[in-house]
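Per-entry structural report
So you can see what is in the structure, the chains are spelled out below.
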Amino acid sequence: MNVTKRLATSLLLLTVLSATIGAQKRQAPAKAQPRPAPAPTFDNLVPADSYVVYSEVRDTGQLIRSSAVSDLLEPILKLAGPPKEFKSVVKWLNAHAELVMGSRLLLATWPIKKNLPEAIFVIEFASAEDAAKFATPLNEFLPTVLPAPEPEASPKTEGKPPAPAKPNFDIKRLGSLVVISPRPWTMKELRPAGSKSLAEETNFRTARNRFNSESIFAYIDIKLIEKEEDERQKQIEAERKKVEAQAKKAQAEEKRNPDETAVLVPGTEKSVQAEGINPGNVLSVGPPQEAPTPDPVSVAFSTLGMTLFGGEGTSPDAIGLALSFEGESFDVRALLIAAPGEKNDVLPFWPHVIAGPPIVPESPGIFPANTELFATVALDLPQIFVEMSKPPKNEFHTSRRKSSFVTKEEPQSPFASIEEKAEISIEADLLPLLGSEIAIGLPVTGLNIIGVPGPPPPPSTTKESAPDKQTSGRGPIVAISVKDKERLRVLLPKLIDAVSFKPASQFATTERREDTELVSYANVFAYAFIGNFVVLSSDATTVRNVVDSYLKNETLASDMQFRAYTRWQPRQLQGQFYISPALMESYKDWALQPNTRMSDQMRGFMMRLSTVAQPITYSLWNEGLGPLHELHIPRNLVAMFVAAFSGEMNPPPTIQNERIAIGLMYTITYAEQQYKSKKGAGAYGTLEELIAADLFPKDTVEKSGYRFELTVSGDKFEATAVPLEYGKSGTLSLFVDQTGVLRGGDRSGATATASDPPIH
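Structure report, in brief. (Residues numbered from 1 in each chain as written. Predicted model: local features only at pLDDT ≥ 70, side-chain atom pairs only at ≥ 80, totals over all residues. Heavy atoms only, no water.)

A tally of helices and strands in the chain yields 23 helices and 22 strands. Expressed as a percentage of its 760 residues, the buried residues of the chain come to 39%. Contacts in the chain between residues far apart in sequence, at least 24 positions, make up 67% of those at least 6 positions apart. With an accessible surface of roughly 44100 Å², the chain has 56% of that area assigned to carbon and sulfur atoms. (Helix = DSSP H or I, 4+ residues; strand = E, 2+ residues; numbered from the N terminus. Buried < 20%, exposed > 50% of the residue type's maximum accessible area, 1.4 Å probe, protein only. Contact = heavy atoms within 4.5 Å. Areas by Shrake-Rupley, 256 points an atom, 1.4 Å probe, with all protein chains shown as cover.)

Rendered as structure tokens:
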């Protein structure tokens, strides 16, 4: 019995086991599931050789809420009258800045491949959940500032409900990234198989690592620009060859069918004959009339100028840019990156400026402390001389209408005529006497060098100030370091005689100030040897000011402000630039003057800016990665610049009318000169006569909000303009006469006269 039970149990287990094994044999093996592709990251999303411009913002939320950004946005929002979309974007970003507080932002634009979107805008978050949380409100907000275009009606869709318009943007969420672009795209388009990420590019890594702590970083791939330009030139060349092939084919057809009317190409011999012109007469050109022989030295200087500013420079492979907000200045840095083994021009647009080895600048110890613009640079003068001495490549163009007797002359060095007249060799006699540091000093007060509307006024001469603060002695200065003063002292008069039109030595006078000798030529040119430099200027008073400041130790090197604001610069450098606080002071004085035309709102904004004027500083040096340019601009000066342009973009109606009236007053002055020289036969015209002669716009006058009156008396005229409604259409009264000086002021609606101050 027990045996039977065991046998039955064994059979049952065998049956179950067999069935199980059979089922396992019949079951198909499970297929291996492909692993999902990893989500792209901030660093590998953009491939190399895809976009020319790449920019990156670190800690986006902190930047949005920083005082530096708010100081720039305030005048734009309050003065420029920006569109409502711009205001909406600013408001939305401020409301959602917390979500992107530690995020990085990426913008890539200028695509090289046609299938790529014009730009991609990427925001990186800490996690995919944070990205999803931000994408939802962003998707709701963007249609309000980027509305979809309305669908165009067509006969096929008449009577049917229009299809929903496609949006002007595309949003993708890729893991922890939110990507915005103008149109849809695929990862296959952006990152083809086998593509290398931009982060793996050597030049990009060099620039990014150098500027890893700045708030804003940008990278410009110059190689891609050149590659794109080469491809464009190839296309142009292909089109040209295609046109030439078609022309040859047409000529061959013409030879096979001589009786058919041929298309005449202007400028060819056949077209000339068809026009009744004898080609022999066209080609038989007599010898040209002899022109007066120009002065060889003048020609040499003209050639030197063209050579200095001309030439083909060596562009870097890439440029890395960075912007940071440190303390009270905006700091801009630019790194020029060359290919391995190659050397960059420090200024690619100025190839003949060849930098010398780094120096510790000595010229600040020469220039006066009140120098407004100062720049010094270390130059390789022998190499510059060699490059500029190379004769320019003359191209001789021939055509059917040019004479064949023109001969080619071998061009000579632009220095040859100067050397011949001075009886010296610049390379052998002059350059060995000079050092590598060259510095210049210029006045900036009264110059509108940064484009703020309206030039600042020159400093007042009525204020009590020390002699070194007056405008006298503020001419241009050039200082060149000297290795051998005694030999240069003998050589310099020869050079001056060589470059002057008359023997300059006849007008030379010498004066001494302690142990310093100053040489002046008829007070139109002067030089002096000061320290290890020779100082030159077109103004003898300026050279005297330099000498006196040096003897009193009142130089830039001893000025506390110059030393404080250039402390960030390395000790050894290749270039240094300094604009004194006088520039900022002059612009603030201009803005606060009561007769400066600006709105009360803009004036109030200007008055709130800090009263502490600061300088602009710049330096050039090389850390081994390439030329590094660094510029520090005071934040208040940038805010003033933005405010001025914001006010220009949206002036109040009274200011607009006043500017129109000012323009019309200048138009009257020009129209009177034209009328007198032509139709007036020496006499000025009345307002009606100027309008009749189409020299003065009647329609503009009627819309200006001003009343214009013009009186003519013999060889004189007086024109006035007053607001039609004082306080509403304008507040400024204007006057101009035959002198062309525009005058006026706020006369409470009364007429301006010749005694009013000039309007700048």
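We are not done yet, so read on.
Glancing now at the side chain of histidine 629. On the secondary structure map, histidine 629 appears in strand β18 (residues 627-634). Overall, histidine 629 belongs to the buried group, its relative accessible area being 12%. Here the side chain of histidine 629 touches valine 346 through a polar contact of 3.0 Å, landing on its backbone oxygen. Within the local environment of histidine 629, its side chain forms a polar contact with the side chain of tyrosine 618, the two groups lying 2.6 Å apart. In contact with histidine 629, other than residues within four places in its own chain, are Val332, Arg333, Ala334, Leu336, Val346, Leu347, Tyr618, Ser619 and Leu620. (Polar contact = N/O pair within 3.5 Å; in protein donor to acceptor, adjacent residues only side chain to side chain.)

A complete count under the given rule lists 19 aromatic pairs for this structure. Ring centres of tyrosine 54 and phenylalanine 204 lie 5.0 Å apart, and the angle between their planes is 90°; this geometry places the pair in the edge-to-face category. Of this pair, tyrosine 54 sits in strand β1 (residues 51-57) while phenylalanine 204 sits in helix α7 (residues 202-210), and the two are 150 residues apart along the sequence. Pairing phenylalanine 125 with phenylalanine 134 gives two aromatic rings, centres 5.1 Å apart and planes at 45°, and the pair type is tilted. Classification of phenylalanine 125 as buried rests on a relative accessible area of 7%. Judged by relative accessible area, which is 3%, phenylalanine 134 ranks as buried. One aromatic cluster is present, formed by Tyr54, Phe204, Phe211, Phe217 and Tyr219 through successive ring pairs. Lysine 172 extends its terminal NZ or CZ atom over the ring of tryptophan 185, reaching a point 4.6 Å from the ring centre. (Phe/Tyr/Trp six-rings, centres within 6.5 Å; stacked < 30°, edge-to-face > 60°. Lys NZ or Arg CZ within 6 Å of the ring centre and 35° of its normal.)

So, on to the nonpolar core. If you look at the biggest cluster of nonpolar residues, it comprises 34 residues, and the most contacted ones within it are Leu430, Leu488, Leu492, Tyr527 and Val534. The element best represented in this core is helix α15 (residues 485-499), accounting for 6 residues. When residues no more than four places from it in sequence are discounted, the contact partners of leucine 492 are Tyr527, Phe529 and Val534. Among the nonpolar cores identified, the runner-up in size contains 29 residues, and Ala48, Leu106, Leu177 and Leu335 belong to it. (Core = buried A, V, L, I, M, F, W, Y, C linked by side-chain atoms within 4.5 Å.)

A few words on the pairing of strand β8 (residues 329-337). For β8, the buried fraction is high: 8 of the 9 residues fall into the buried class. The sheet contact formed by strand β7 (residues 318-326) and β8 spans 9 bridges and is antiparallel. Pairing of alanine 322 across the sheet is with arginine 333, part of β8. A loop of 2 residues connects β7 with β8, the two strands running antiparallel in sequence, and glycine 327 in this loop sits at a positive phi of about 65°. By the bridge criterion, 7 bridges tie β8 to β18 in an arrangement that is antiparallel. Paired with arginine 333 across the bridge in β18 is glutamate 630. (Pairing = 2+ DSSP bridges.)

It is the contact of helix α19 (residues 600-608) with helix α20 (residues 635-649), at a shortest axis distance of 10 Å, that shows an interaxial angle of 180°. Taken together, α19 and α20 sit at an angle that is classed as roughly antiparallel. Each of Met602, Phe605 and Met606 in α19 lies in contact with α20, whose residues at this interface are Ala639, Met640, Ala643, Ala644 and Gly647. Here the residues of the contact of α19 with α20 sort into 7 nonpolar, 1 polar and no charged. (Axes fitted to C-alpha atoms, helices over the stretch in contact; angles between N-to-C directions. Parallel < 35°, antiparallel > 145°, perpendicular 65-115°, else oblique. Nonpolar A, V, L, I, M, F, W, Y, C, P; charged D, E, K, R; others polar.)

Residues spaced three or four apart along an α-helix point in a common direction, a consequence of the helix completing one turn every 3.6 residues. Between its first and last C-alpha atoms α15 spans 21 Å; for 15 residues at 1.5 Å apiece the expected length is 21 Å, and the two agree. Leucine 491 marks where α15 bends most, by close to 30°; the proline proline 493 follows one to four residues later. Along α15, the residues that are buried comprise Leu488, Leu491, Leu492, Leu495, Ile496 and Ala498. Where α15 starts, the residue carrying a side-chain oxygen 3.4 Å from the main-chain nitrogen of glutamate 486 turns out to be aspartate 484. (Expected span 1.5 Å × (residues − 1). Bend = angle between axes of the 7 residues up to and from the residue.)

A word on the packing of helix α3 (residues 67-79) against helix α4 (residues 84-95). Running from N to C, α3 and α4 point in directions that differ by 145°, and their axes come no closer than 11 Å. For α3 against α4, the interelement crossing comes out left-handed. Contact residues: Leu73, Ile76 and Leu77 in α3; Phe86, Lys87 and Val90 in α4. Along the lines of polarity and charge, the residues of the contact of α3 with α4 split into 5 nonpolar, no polar and 1 charged. (Left-handed = near helix turned anticlockwise from the far one by under 90°.)

All right, on to the pairing of strand β17 (residues 616-622) then. For β17, a buried count of 6 out of 7 residues is recorded, marking the element as mostly surrounded by other parts of the structure. Taken together, the 5 bridges between strand β16 (residues 575-579) and β17 define a ladder with antiparallel strand orientation. The residue of β17 that forms the bridge with isoleucine 579 is isoleucine 616. Sheet topology note: the β17/β18 ladder contains 6 bridges and is antiparallel. Along β18, the bridge assignment pairs leucine 620 with histidine 629.

Of note in this structure, glutamate 514 is not a glycine but carries a positive phi near 55°. Note on placement: glutamate 514 falls in the loop between β12 (508-513) and β13 (516-521). One non-glycine residue, alanine 681, adopts positive backbone phi at about 50°. Structurally, the position occupied by alanine 681 is in the loop between α21 (653-677) and α22 (687-692).

A word on helix α12 (residues 381-389). Every buried residue belonging to α12 is among Leu381, Ile384, Phe385, Met388 and Ser389, and all of these are buried. Along the long axis of α12, the arc covered by the buried residues comes to 125°, so they all point the same way. (Arc of directions from axis to C-beta.)

Its place among the elements puts glutamate 56 in strand β1. The exposure class assigned to glutamate 56 is buried, which follows from its relative accessible area of 2%. Spatially, the C-alpha atoms of glutamate 56 and phenylalanine 217 are 5.1 Å apart, while their sequence positions differ by 161 residues. Residues contacting glutamate 56, with those up to four places away along its chain left out, are Phe42, Arg104, Leu105, Arg208, Ser215, Ile216 and Phe217. A polar atom in the side chain of glutamate 56 sits 2.6 Å from the side chain of tyrosine 54.

What follows covers the sheet that holds strand β21 (residues 733-737). The 4 strands lie next to each other as β19-β20-β21-β22, forming an open sheet whose pairing is antiparallel. Two strands in the sheet have a free side with no partner beyond their single neighbour: β19 (706-713) and β22 (743-745). Here the average twist between neighbouring strands, direction ignored, is 10°. Examined bridge by bridge, β21 and β22 share 3 bridges and lie antiparallel to one another. Bridging across to β22, leucine 734 finds its partner in glycine 744. Across the sheet, α21 lies against β19, β20 (716-723) and β21, angled at about 20° from β19, the strand it touches most.

Further remarks concern the pattern of salt bridges. Two side chains carrying opposite charge are able to pair once their charged atoms lie near each other. Considering all chains together, one arrives at 26 salt bridges under this definition. Notably, a salt bridge pairs aspartate 43 with arginine 104, separated by 3.7 Å at the nearest N-O pair. Taken together, the residues span a long stretch of sequence, with aspartate 43 in the loop between α1 (2-26) and β1 and arginine 104 in strand β2 (residues 104-111) at a distance of 61 residues. Take aspartate 43: its relative accessible area is 33%, and that puts it in the partly exposed class. Each of Asp43, Glu56, Arg58, Arg104, Glu124 and Arg208 takes part in salt bridges that share partners, so that together they form one network. (Salt bridge = Lys/Arg side-chain N within 4 Å of Asp/Glu carboxyl O.)

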